[in-house]
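A structural walkthrough
Here is what each chain is made of, one letter per residue.
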Amino acid sequence: MMGELDVAITPGEWQLMKACVVGAGPGGIVTAKVLLENGFDVTVLDKYQQVGGIWSAEGCYDGLANQAALRLFEFADLPNRLHFADARDTQRYLEDYAEQFGVLDRVRLGTEVVSVRPVEGPGRVGARGWSVGSRPVGDGKADPHRETADLHRETFDYVVVASGAHHHAHLPELPGRESFRGTVLHSNEVRAGAFADRRVVVVGGGKSALDLVTRASREAASATLVQRKVNWMVPERLLLGLVGYKWILFTRLGEALLPRYHDPACVRPVDRVDERVKRALWWLITRDMLFSSGLYRLPKQLRPAYALPFHLAHAGVMPRGYTRAVRRGLIDGKVSAVEAYTDRGLRLTTGEEVAADVIVFATGHHKVFPFLDANVPVHDADGRLRLYRGIVPPGADRLGFVGFRQVFNNVMGVELTAHWLTRHFRAALRTTPGEQEMQEAIDARLTWQEQVLPGSGGYDFGPYDIHCADELLHDMGLPSRRAGNLLAEYLLPGGVAHRYAGLHGALSKPENHGPYTHPHG
């Protein structure tokens, strides 16, 4: 049976277009799969030796675990029965997916992309395609900008950047580094045995910081967590520990309690709940979250200082064992910024000195693309990503980004992004605004994000899984109602991939959707 986008294309009706996908993580492999189904000749380049991105052996800290409950970390066409899986099982699922849908044969592993440049010629940037330079991993390490004899350059009609948001480590620049003789790591660099019988200090307040300090509490001589503020963490189960979080946070009714979404086309009557009702319900949810996560049993300074939904976008799933380790004194939690290194460890802005043999900075990542031509701006002066719909740069053609419209269930998010971007490449979206309209839409969305999702960097949409899906479906001319009845539509988890099954397949014939011949023709 044909899906919602399925219209047959007769072989030979149009010339195959070459597409390069940078990155073989979840976003890269699902984009390659959708492009292949729609007649593109796809090449995927990835610097690691496995597909999976951060879930590959080279891409993650040792002990990384998936935050996804059952049926969340999966693509629409391949059910996944894993529940809070470890990195190895998660990578295996992604590799099975890539193999089953013919993507694995298109991936060149151990290949680093060093440059993506527009092909010269008349028209807008990228209108005539893109030149991609790559080389085997390990070449040119002394000077990453030097083009060696092993540089391989190819021309593609389209390029998709799916290199991930968690690879370029952000390390704070602190004075006194030369005085500290211990080990300094970013969370990405933590490997097995790094904590054994050593004094470990983890700096950061996100999911990876709590993951690592919980692990240190089991392996290290001592474990200290330093965080500027305490973030909310979502427990695996809510309503006094009785109901899985996806049945609350991933439903239309749950999302209706959030501040109103920026796109009026995605606002339903249920989203117009009176603000007083929302505040009352969030008061109850906040207290349930404190109880169900175990945070209520911690000292007051180690609980979030603000009521939900404040900073909910930065919440991860609470690591198992964290609150228990804090209560037992196995984790020493401190709420302070870091001021400098000392010969013994770190000095905090409170004046306290924390002794350490290993300091781990779980302080996030830069969303940057060092391989991308400087004439293709994708950031504003504040470092926020400026991409229309979080996917395409307004000033460039035939270029898209997947994985930078982040939602809680990001696997579902990247799959829908792949469908939207494929239609964009095929000029098959319902409407395509001009560059100025795109810029104005980005300005409006960034203003909303700063108010509702402060610190999101222009790419994090946090808990708005279903609203984000609706927005892309509207652009594609597809129905946003995904269930057979209203109770299921509003009360069952909607931010899940299997609700969007059937979006695969070929689009309509090229002559109905603009130019698909070679850009040089």
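Relevant structure appears above.
Each value, and the rule that gives it
- Along each chain, residues carry numbers from 1 onward, in the same order as the chain's sequence is written.
- Predicted model: local features are reported for residues with pLDDT of at least 70 only, side-chain atom pairs are reported and counted for 80 or more only, and whole-chain, interface and lining totals are derived from all residues.
- Water and hydrogen atoms were dropped before computing side-chain values, which therefore reflect all heavy atoms in the structure.
- Inter-axis angles, ranging from 0 to 180 degrees, are taken between N-to-C directions of lines fitted to C-alpha atoms, where helices are fitted over the stretch in contact.
- What counts as a helix is a DSSP run of H or I of at least four residues, what counts as a strand is a run of E of at least two, and both are numbered from the N terminus.
- Every angle not falling under 35 degrees, over 145, or within 65 to 115 is termed oblique; those three ranges are roughly parallel, roughly antiparallel and roughly perpendicular.
- Crossings are sorted by hand: turned counterclockwise from the far helix by less than a right angle, the near helix makes the crossing left-handed, and turned clockwise it makes it right-handed.
- Residues count as neighbours in contact if any of their non-hydrogen atoms are within 4.5 Å of one another.
- Paired strands are those between which DSSP finds at least two bridges.
- To count as a disulfide, a pair of cysteine sulfur atoms needs to be within 2.5 Å.
- Nonpolar side chains (Val, Leu, Ile, Met, Phe, Trp, Tyr) are joined into patches within 5 Å and like charges within 9 Å, using only residues with over 30% relative accessible area and no salt bridge.
- A 1.4 Å probe and the Shrake-Rupley method give the accessible areas. Residues count as covered only by the protein chains that appear here.
- Here, a salt bridge means any Lys or Arg side-chain nitrogen found within 4 Å of an Asp or Glu carboxyl oxygen.
- Accessible area is worked out with a 1.4 Å probe on protein chains only. A residue is then buried under 20% of its type maximum, exposed over 50%, and partly exposed in between.

This part covers the packing of helix α1 (residues 26-37) against helix α2 (residues 87-100). Put simply, α1 and α2 touch, their axes get as near as 10 Å, and they point 15 degrees apart. Here α1 lies roughly parallel to α2, going by the angle between them. For the element pair α1 and α2, the recorded crossing hand is left-handed. Along the contact surface, α1 presents P26, I29, V30 and K33, while α2 presents L94, Y97 and A98.

Overall, parallel pairing links the five strands, which are arranged β3-β2-β1-β7-β22 in an open sheet. The strands lining the two open edges of the sheet, one partner per strand, are β3 (107-108) and β22 (399-401). Contacting β7 (158-161) and β22, helix α8 (residues 410-425) crosses the sheet at an angle of about 170 degrees to β22.

Let us look at the sheet that holds strand β16 (residues 332-335). Pairing is parallel in the open sheet, where five strands are placed in the order β9-β20-β10-β11-β16. Since the sheet does not close on itself, it has two edges, and those belong to β9 (183-186) and β16, each with one partner. Going across the sheet, the axis of each strand differs from the next one's by a mean of 20 degrees, ignoring polarity. Direction of pairing for strand β10 (residues 199-203) relative to strand β11 (residues 222-227): parallel, over a ladder of five bridges. In the sheet register, V200 faces β11, and the bridge partner there is A223. Its contacts with the sheet place helix α3 (residues 207-219) against β10, β11 and β20 (358-361), and it is angled at close to 160 degrees to β11.

This part is about the state of the cysteines. Applying the stated criterion across every chain yields a total of zero disulfides. Free cysteine: C266, not disulfide-bonded; nearest cysteine sulfur from C468 at 8.2 Å.

Below, the discussion takes up unusual backbone geometry. The step from L308 to P309 runs through a cis peptide bond, and the omega angle for that step is 10 degrees. With respect to the helices and strands, P309 occurs in the loop between α6 (275-293) and β15 (316-317). At L239, a residue that is not glycine, the phi angle is positive and equals roughly 50 degrees. Its identity as a non-glycine residue notwithstanding, A427 has a phi of 55 degrees, on the positive side. Looking at the secondary structure, you find A427 in the loop between α8 and α9 (435-452).

Position of P394 relative to the elements: it lies in the loop between β21 (365-366) and β22. Distance from P394 to E435, taken between C-alpha atoms, is 5.1 Å for residues 41 residues apart in sequence. When residues no more than four places from it in sequence are discounted, the contact partners of P394 are R124, R386, E435, M438, Q439 and I442.

With that settled, consider a nonpolar patch on the surface. On the surface, L239, L240, L242, F291 and Y296 cluster together to form a nonpolar patch covering roughly 520 Å² of accessible area. Inspection of the secondary structure assignment puts L240 in the loop between β13 (237-238) and β14 (243-244). Take L240: its relative accessible area is 57%, and that puts it in the exposed class.

Nothing here speaks to function; it is all geometry.
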